[in-house]
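# Observations on the model geometry
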Amino acid sequence: MPSPMTTRLSPGALLRTSWNLGLLDPTTPLATVGGLATTGPSLALPYAVAGLRVPRRTAITDDHGSLSYFELARRIERLAGALRRIGIEHGDRVGILCRNHRGFVELNAAISRAR
């Protein structure tokens, strides 16, 4: 069985998850197109779409405070860029060790986006 970090979600699974989260509202197809243009099919897609569709809505609240979907999507993009700059490529294995906070969400989505 593949490890969770190397499992790739199909575009259909990403779309289903995004739909179930209410991020793919049929009245706002531009947000979906914008999200796909920004991230492609990755774990970062729902955050990018939500960042375009409901940018001020709270995405995460943890011990460090709250982040809006716009802020979260921006942080994921910056982190994905940093991972690419240090040489993370498709097929690389990346381990995540952190507490239950925004860092896990950000890094998990950024790793998916960086590939």
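Conventions used here
- Residues numbered from 1 in each chain as written.
- Predicted model: local features only at pLDDT ≥ 70, side-chain atom pairs only at ≥ 80, totals over all residues.
- Heavy atoms only, no water.
- Helix = DSSP H or I, 4+ residues; strand = E, 2+ residues; numbered from the N terminus.
- Areas by Shrake-Rupley, 256 points an atom, 1.4 Å probe, with all protein chains shown as cover.
- pLDDT = per-residue confidence, 0-100.
- Pairing = 2+ DSSP bridges.
- Axes fitted to C-alpha atoms, helices over the stretch in contact; angles between N-to-C directions.
- Parallel < 35°, antiparallel > 145°, perpendicular 65-115°, else oblique.
- Left-handed = near helix turned anticlockwise from the far one by under 90°.
- Contact = heavy atoms within 4.5 Å.
- Nonpolar A, V, L, I, M, F, W, Y, C, P; charged D, E, K, R; others polar.

## A look at the overall build of the protein chain
- Within the protein chain one finds five helices and two strands.
- Accessible surface, the protein chain: about 7,300 Å² in total, of which carbon and sulfur atoms supply 57%.

## Comments concerning the confidence of the model for the protein chain
- Mean pLDDT over the protein chain works out to 77, with 71% of the residues at or above the 70 mark.
- When mean pLDDT is compared element by element in the protein chain, strand 2 (residues 65-68) scores highest at 93, while helix 2 (residues 29-39) scores lowest at 57.

## Remarks on the pairing of strand 2
- Sheet topology note: the strand 1 (residues 58-62)/strand 2 ladder contains four bridges and is antiparallel. Of the residues in strand 2, the one forming a bridge with Thr 61 is Ser 66.
- Connecting the antiparallel pair strand 1 and strand 2 is a turn made up of two residues.

## Some details on the packing of helix 4 (residues 69-85) against helix 5 (residues 102-114)
- Packing of helix 4 against helix 5 brings their axes to within 8 Å, and their N-to-C directions diverge by 55°. Relative to helix 5, the element helix 4 is oriented oblique. Between helix 4 and helix 5 lies a crossing whose hand is right-handed. Residues Leu 72, Arg 75, Ile 76, Glu 77, Leu 79, Ala 80, Leu 83 and Arg 84 of helix 4 touch helix 5, and the partners they reach there are Arg 102, Val 105, Glu 106, Leu 107, Ala 109, Ala 110, Ile 111, Arg 113 and Ala 114.
- Of the residues contributing to the contact of helix 4 with helix 5, the split by class is eleven nonpolar, no polar and six charged.

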